Amino acid sequence: MFNFSIKSKKKSGGVGSPSQNPKVLEVNLIKSEMQVDFDFSKNLGTLLFALIITALFITEIYLGLNWWSDYENARMLAAETKFNQVSKEIKALKTESDQILAFKQRADLANTLVENHIYWTNFFNWLEKNTLSSVNYLGFQGDKSGVYSLSASAKTFRDISWQTRAMLESPAVVSVHVNNGESERPTDSGGAEAEVEDIKFSLDLVVDPNIFKNLNAN
């Protein structure tokens, strides 16, 4: 029977012994570690300078924004004032335009009335101018159409003929027609015939209607 005896070996001076390597625990793993200390008293001036610069920058921004706001408000106020002024001018021009338009309409109406006004005076002046002194008118019928019937009297038939010719010579006359020419032979108290009285006749006259509108009618 085999008997094996195992002898324990004591390792003296081995690497793994803590008692032999006590400096292993003292290894500094952070070789570049440095201690930083801030000295307030030494850097206080720099800090105050930075704060002053920051305050000045903020103040400048605030003043710039405040100036820009005032500038925009002033510009808007000027634009509003200009707009109100232009609006007033437009209203004034509209009022003047309405007045001018109303005046023009009245002027056009007056012009139309003048152009279409019947100047009866023109006709009677023309009639008087173109009537012989030996012819008298006893009646008048007609209107602005230019067609008239005049009852008249003359001393002789020759006067009637001359009267017709005188009217035909006028540019305003379209036509003249005489009819019903007759004379009266009254008797005196003794039964004898007296002098022939005026000849009565009817004058049918057609004239240009523009004679009523033309102020310079002949």
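Residues numbered from 1 in each chain as written. Predicted model: local features only at pLDDT ≥ 70, side-chain atom pairs only at ≥ 80, totals over all residues. Heavy atoms only, no water.

Enquirer: Is there a simple way to think about the overall build of the chain in this case?
Expert: Each helix and strand in the chain was counted, giving three helices and four strands. Reading the chain from its N end, one meets helices and strands in the order α-α-β-β-α-β-β. With 218 residues in all, the chain has 15% of them scored as buried. Considering only intrachain contacts with a sequence separation of at least 6, the fraction spanning at least 24 residues in the chain is 62%. Summed over its atoms, the accessible surface of the chain is roughly 18400 Å², and 59% of this surface lies on carbon and sulfur atoms. (Helix = DSSP H or I, 4+ residues; strand = E, 2+ residues; numbered from the N terminus. Buried < 20%, exposed > 50% of the residue type's maximum accessible area, 1.4 Å probe, protein only. Contact = heavy atoms within 4.5 Å. Areas by Shrake-Rupley, 256 points an atom, 1.4 Å probe, with all protein chains shown as cover.)

Enquirer: How should the pattern of salt bridges be read in this particular structure?
Expert: Enumeration according to the criterion identifies four salt bridges in this entry. Among the ionic pairs, Glu 72 bridges to Arg 75, the shortest N-O distance being 2.8 Å. Linking Glu 72 with Arg 75, this pair stays in helix 1 (residues 40-116), spanning three residues, or about one helical turn. In this structure, Lys 155 engages Asp 198 in a salt bridge whose closest nitrogen and oxygen atoms are separated by 3.4 Å. With Lys 155 in the loop between strand 2 (147-154) and helix 3 (157-168) and Asp 198 in the loop between strand 3 (173-182) and strand 4 (199-207), this residue pair connects regions lying 43 residues apart in the sequence. (Salt bridge = Lys/Arg side-chain N within 4 Å of Asp/Glu carboxyl O.)

Enquirer: How do you make sense of the confidence of the model for the chain when you look at a structure like this?
Expert: For any part of a model where pLDDT is low, the fine detail of the predicted coordinates should not be relied upon. Mean pLDDT over the chain works out to 75, with 67% of the residues at or above the 70 mark. Here residues 1-19 is modelled with pLDDT under 50, and outside its nearest four sequence neighbours on either side it reaches five contacts, counting other chains as well. Predicted confidence is poor over residues 187-195, with pLDDT under 50, and the contacts of this stretch with residues over four places away or in other chains come to seven contacts. (pLDDT = per-residue confidence, 0-100.)

Enquirer: Please explain the environment of Phe 124 as it appears in this structure.
Expert: With respect to the secondary-structure elements, Phe 124 resides in helix 2 (residues 120-129). Sequence separation of Phe 124 and Phe 212 is 88 residues, and the distance between their C-alpha atoms is 9.8 Å.

Enquirer: What should I look at first to understand the nonpolar core in this one?
Expert: Generally speaking, soluble globular proteins have nonpolar side chains that are buried together. Core analysis: the biggest nonpolar cluster contains 20 residues, and Phe 123, Trp 126, Leu 205 and Val 207 have the highest contact counts within it. Secondary-structure elements contributing two or more residues to this core are helix 2, strand 2, helix 3, strand 3 and strand 4. Here this core gets five residues from one element, more than from any other, and that element is strand 4. If sequence neighbours within four positions are ignored, Leu 205 has contacts with Trp 126, Gly 146, Val 147, Tyr 148, Leu 150, Met 167, Val 173, Ser 175 and Val 176. (Core = buried A, V, L, I, M, F, W, Y, C linked by side-chain atoms within 4.5 Å.)

Enquirer: Would you take a moment to explain the side chain of Gln 163 for this structure?
Expert: Topologically, Gln 163 is positioned in helix 3. In contact with Gln 163, other than residues within four places in its own chain, are Asn 130, Thr 131, Leu 132, Val 135 and Tyr 137.

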